[in-house]
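Spelled out from the first residue to the last, the chains are:
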Amino acid sequence: MKEKKTSTLILKYIGMDDFSCPVYKDQFEHLWKDIDLGNSQNPSLYSVTNNEFDGEPMSPIRKDYVFSPAPYRKNPYEFQYRMLSRLQSDCDYFLGYGDRSLRILYKNDPKAHINYMKELWNGFPENEKPQWLTWEQLLAYEKAICTG
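This one's a predicted model, so the numbers in the text were calculated from it and none came from an experiment. (Residues numbered from 1 in each chain as written. Predicted model: local features only at pLDDT ≥ 70, side-chain atom pairs only at ≥ 80, totals over all residues. Heavy atoms only, no water.)

A. Focus on the overall build of the protein. In terms of regular secondary structure, the protein is built from 3 helices and 6 strands. Secondary structure elements in the protein, listed N-terminal to C-terminal, are β-β-β-β-β-β-α-α-α. Here the C-alpha radius of gyration of the protein, 22 Å, is well above what a compact globule of 148 residues would show, namely 15 Å. Within the span of the protein, comprising 148 residues, buried residues form 32% of the whole. A sequence separation of at least 24 residues applies to 43% of the contacts in the protein between residues at least 6 apart. For the protein, the computed accessible surface area is about 9,900 Å², with 50% contributed by carbon and sulfur atoms. (Helix = DSSP H or I, 4+ residues; strand = E, 2+ residues; numbered from the N terminus. Rg over C-alpha atoms; globule rule 2.2 N^0.38 Å. Buried < 20%, exposed > 50% of the residue type's maximum accessible area, 1.4 Å probe, protein only. Contact = heavy atoms within 4.5 Å. Areas by Shrake-Rupley, 256 points an atom, 1.4 Å probe, with all protein chains shown as cover.)

Put into structure tokens, the structure is as follows:
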């Protein structure tokens, strides 16, 4: 009797589905989803209905697997980046079409709004400061919003 040869699956990250699940494809074109959303060291991988990118997770992976390259990991500062970006958008709106309405700003207060932005910006490690908003730009927003 011949033994059935089992091969290790090689998983490659191919993107994020509509539910924020990282999706991987193996060398046999099968899709796998991480239902932990990229938040854990050991992804919880599941097969996908009809092998469709946005299909529902079905059964847990039961074969040995490796990632090539490393598995997707959610940035631990994702929420802070999003929040800072939103606050920046509020600054732009306040200074433009918002007609300087205080209701647009955090706590309806220009100083509180800028202080929250500074707190978020300073909370990032030095090598992960946002490139799309420099400290100098933040100070320029402060000058335009708080003294204008």
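B. Looking closely at the pairing of strand β3 (residues 31-34). Here β3 shows a buried face lined by Leu-31 and Lys-33 and a second buried face lined by Trp-32 and Asp-34. By the bridge criterion, 3 bridges tie strand β2 (residues 22-25) to β3 in an arrangement that is antiparallel. Pairing of Lys-25 across the sheet is with Leu-31, part of β3. Between the end of β2 and the start of β3, which pair antiparallel, lie 5 residues, with Glu-29 showing a positive phi angle near 70°. One ladder, built from 3 bridges, connects β3 with strand β4 (residues 45-48); its direction is antiparallel. Looking across to β4, one finds that Lys-33 is bridged to Tyr-46. (Pairing = 2+ DSSP bridges.)

C. Summary view of the nonpolar core. Counting 16 residues, the largest nonpolar core has Leu-84, Cys-91, Ile-114, Met-117, Leu-133, Leu-138 and Ile-145 as the members making the most contacts within it. At the level of elements, α1 (78-95), α2 (110-122) and α3 (135-146) are the ones that each hand at least two residues to this core. In contact with Leu-84, other than residues within four places in its own chain, are Met-117, Leu-120, Trp-121, Phe-124, Pro-130, Trp-132 and Leu-133. In this structure, Leu-9, Tyr-24, Trp-32 and Ile-61 belong to the second largest nonpolar core, which totals 6 residues. (Core = buried A, V, L, I, M, F, W, Y, C linked by side-chain atoms within 4.5 Å.)

D. Summary view of the pairing of strand β1 (residues 9-16). Where β1 and strand β6 (residues 65-67) come together, 3 bridges link them in parallel fashion. Pairing of Leu-9 across the sheet is with Tyr-65, part of β6. Relative to β2, β1 runs antiparallel, the two sharing 4 bridges. Paired with Lys-12 across the bridge in β2 is Lys-25. Taking the residues that link successive antiparallel strands as the turn, the β1-β2 hairpin has 5 residues, and the phi of Ser-20 there is positive, at about 65°.

E. Region of the structure containing the state of the cysteines. Tallied over the entire structure, the rule returns 0 disulfides. In this structure Cys-146 is a free cysteine whose sulfur lies 8.6 Å from that of Cys-91, the closest cysteine sulfur available. (Disulfide = S-S within 2.5 Å.)

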